[in-house]
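What follows is each chain in one-letter form.
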Amino acid sequence: MQRSWLNIHKIRILVFSLLILLSPVSLFAHPHVFIENKLDIVFSDDGLKGIRVNWVFDKIFSNMIFVDYDKNNNQKFEKEEKALIKEEAFSNLKDYNYFSHIKINKKNFEVKYIKDFNASQKEGLLAYSFFIPCHVTATQDKKEIRISIYDQTYYIDIALAEEKPVNFDNHNNIEYTYTVKEIEEEDSPVIADEITVLFKKKEKVSG
Amino acid sequence: MFIKKAFLTFLLVFLGSALLFKDIHANPLLRGKPKPGKTIRLNIYQKGLSQLASVQRKLNKELSGLLTDLKKKNPLSVFTVLLIAFIYGALHSLGPGHGKMLIS
């Protein structure tokens, strides 16, 4: 069976280009850890207090942490175990602003520290939660906060949970609306969800 | 001969890019990893690939589920999965960031 020279040549070019294209690119499009993300937008009577971030990890990373830190293997983390996890498997995120990209009225809000870190086991998976303090007074004028949580290196894939990804706490005195869409910034290295919350003080009904 | 050449090219490019990009493949959650430099900007093609994230997520869940399922069933299928995983892992470890794991 005869094949023309052109066909063989084309096939070679195709295979070589595919191989070359696929190899370095796999570095970028290949996260090793997967996080399911849920946010609690926490208000107070005065306005926004902060954001609680709730993460549930994939089974493989969860097992790694369980093996390394649940020393007594009781499917629970004691205070000492939690402290070690925070130190060795979380605190490094300070350099990454805890993956949190926040804008208040279009100005960047840098997350420098967090509070109330907790590590737990939920249905066999590792869960982290932490609180980002972020005070914004609610006035009669609408204020906007945009939140996007992602790893710019894309080693970790962070996705909003499919059910009830955003919740609101203590909003009795606050009027708010929110939307979730893909981040618009051209600079964003990964595709991530951005939550936009518009809020203002509830008007008092006199009488 | 062609297959050999293709494989060698692949290996060369893969290892070469591994050397170039080795700092990228570090888990930000873990202490002692390199601090981030400039934000890595991905071009359109790579951004398009990160769209596959939802596919990868599902795949990851499926695979994890499969492994837990297999524990309960036929030991032969467990062996097969382990063999495939071993070969995959051996090849995958050629990628960046895994050298440390190999040594430890």
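Think of each chain on its own: its residues are numbered from 1, step by step along the sequence as written. Here chains are named by letter from A upward and ligands by number from 1 upward, in the order in which they appear as written. In keeping with the predicted nature of the model, local features appear solely for residues at pLDDT of at least 70, side-chain atom pairs appear and are counted solely at 80 or more, and the whole-chain, interface and lining totals rest on all residues. Values shown for side chains rest on all heavy atoms present in the structure; no hydrogens or waters enter the calculation.

Participant: Kindly report on the overall build of chain A, identifying the contributing residues and their values.
Facilitator: Broken down by element type, chain A carries 3 helices and 11 strands. Relative accessibility decides the category of a residue: with a 1.4 Å probe and only protein chains considered, values under 20% of the type maximum give buried, values over 50% give exposed, and everything between is partly exposed. The buried share of chain A, reckoned over its 207 residues, is 46%. Here, residues are in contact when the closest pair of their heavy atoms is within 4.5 Å. A separation of at least 24 residues holds for 67% of the contacts in chain A among residues at least 6 apart in sequence. Computed with the Shrake-Rupley method and a 1.4 Å probe, the accessible areas treat only the protein chains shown as cover for residues. Just so you have it, chain A exposes about 11,500 Å², and 52% of that area is on carbon and sulfur atoms. Put simply, DSSP H or I for four residues or longer makes a helix, DSSP E for two residues or longer makes a strand, and each gets a number counted from the N terminus.

Participant: With reference to specific residues and values, describe helix 2 (residues 59–69) of chain A.
Facilitator: Residues and elements named next belong to chain A. Within helix 2 the residues assigned to the buried category are Phe61, Ser62, Ile65, Phe66 and Tyr69. The buried residues of helix 2 occupy an angular sector of 140° when projected down its axis, which confines them to one face. Looking at helix 2, the residues exposed on the side facing more than 90 degrees away from the buried face are Ile60 and Val67. Next to the buried residues of helix 2 lie strand 1 (33–44), strand 2 (47–57), helix 3 (79–89), strand 5 (115–122) and strand 6 (125–137). Polar contacts, as counted here, are pairs of nitrogen or oxygen atoms within 3.5 Å of one another; within protein the pair requires one atom able to donate a hydrogen and one able to accept it, and residues that are adjacent in sequence qualify only if both atoms are side-chain atoms. Its side-chain oxygen 3.0 Å from the backbone nitrogen of isoleucine 60, aspartate 58 forms the N-cap of helix 2. This arc is taken over the directions from the axis of the helix to the C-beta atoms.

Participant: Quick one: what's the story with the packing of aromatic side chains, residue by residue and with numbers?
Facilitator: All names here are of chain A. For this analysis, a ring pair means two rings from Phe, Tyr or Trp (six-membered ring only for Trp) whose centres lie within 6.5 Å, classed as stacked if their planes differ by under 30 degrees, edge-to-face if by over 60, and tilted for the remaining angles. A complete count under the given rule lists 18 aromatic pairs over all chains for this structure. Where phenylalanine 90 meets tyrosine 128, the ring centres are 5.7 Å apart and the plane angle is 90°; that geometry is what we call edge-to-face. One end of the pair, phenylalanine 90, is in the loop between helix 3 and strand 3 (100–104); the other, tyrosine 128, is in strand 6, and 38 residues separate them in sequence. Tyrosine 128 matches phenylalanine 90 in its accessibility class, with the two residues each being buried. Joined through ring pairs, the aromatic side chains of Trp55, Phe57, Phe61, Phe90, Tyr96, Tyr98, Phe99, Phe117, Tyr128 and Phe130 make up one cluster.

Participant: Break down the nonpolar core for me, with residues and values.
Facilitator: For soluble globular proteins, nonpolar side chains are generally found buried alongside one another. Residue and element names in this part refer to chain A. Of all hydrophobic cores here, the largest spans 50 residues; its most connected members are Trp55, Tyr128 and Ile145. At 6 residues, strand 6 tops the list of elements feeding residues into this core. Here the nonpolar core consists of buried residues drawn from Ala, Val, Leu, Ile, Met, Phe, Trp, Tyr and Cys, with membership extended through side-chain atoms lying within 4.5 Å. If you look at the next biggest cluster of nonpolar residues, it comprises 5 residues, including Tyr150, Tyr154, Ile183 and Val190.

Participant: Could you give an account of helix 3 of chain A, with specific residues and numbers?
Facilitator: Note on helix geometry: an α-helix contains 3.6 residues per turn, so any two residues three or four positions apart are oriented the same way. Residue and element names in this part refer to chain A. Buried within helix 3 are the following residues: Glu81, Ile85 and Ala89. Summarising the axial view, the buried residues of helix 3 lie within an arc of 40°, below the 170-degree limit, and thus occupy one face. Of the exposed residues in helix 3, the ones pointing more than 90 degrees away from its buried face are Lys79 and Glu80. If you follow the buried residues of helix 3, they end up packed against helix 2, strand 5 and strand 6.

Participant: Provide a residue-level description of the pairing of strand 9 (residues 166–169) of chain A, including the pertinent values.
Facilitator: Residue and element names in this part refer to chain A. The alternating pattern of strand 9 places Val166 and Phe168 on a buried face and Asn167 and Asp169 on a face that is not buried. As defined by bridge partners, strand 1 adjoins strand 9 across 4 bridges and the pair is classed as parallel. By the bridge assignment for strand 9, isoleucine 41 is matched with phenylalanine 168. A pair of strands is treated as paired once DSSP finds two or more bridges between them.

Participant: Could you give me a rundown of the sheet that holds strand 7 (residues 143–149) of chain A, with the residues and numbers involved?
Facilitator: Residues and elements named next belong to chain A. Taking strand neighbours across the sheet as the criterion, the 5 strands line up as 4-3-7-11-10 in an open arrangement whose pairing is antiparallel. Both edges of this open sheet fall to strand 4 (107–109) and strand 10 (174–182), since each of them pairs with a single strand only. Ignoring strand direction, the axes of neighbouring strands in this sheet form an average angle of 25°. Helix axes use the C-alpha atoms of the stretch in contact, all axes being lines fitted to C-alpha atoms, and the angles between their N-to-C directions lie in the range 0 to 180 degrees.

Participant: Can you lay out unusual backbone geometry for me, pointing to particular residues and giving the numbers?
Facilitator: Residue and element names in this part refer to chain A. Although it is not a glycine, glutamine 75 adopts a positive phi angle of roughly 60°. With respect to the helices and strands, the residue glutamine 75 is situated in the loop between helix 2 and helix 3. Assessed through its relative accessible area of 52%, glutamine 75 is described here as exposed. In this structure, aspartate 116 takes a positive phi of about 55° despite not being glycine. On the secondary structure map, aspartate 116 appears in strand 5. You can call aspartate 116 exposed: its relative accessible area is 56%.

Participant: Talk me through the pattern of salt bridges; I want residue IDs and the actual numbers.
Facilitator: Residue and element names in this part refer to chain A. Each reported salt bridge corresponds to a side-chain nitrogen of Lys or Arg within 4 Å of a carboxyl oxygen of Asp or Glu. For the structure on display, the rule yields 9 salt bridges over all chains. Of the charged contacts in the structure, one is a salt bridge between arginine 52 and aspartate 169, with a shortest N-O distance of 3.4 Å. Here arginine 52, found in strand 2, pairs with aspartate 169, found in strand 9; they are 117 residues apart in sequence, far enough to count as distant. Note that arginine 146 is salt-bridged to glutamate 144, the shortest N-O span being 3.2 Å. An identical accessibility class is assigned to arginine 146 and glutamate 144; each is buried.

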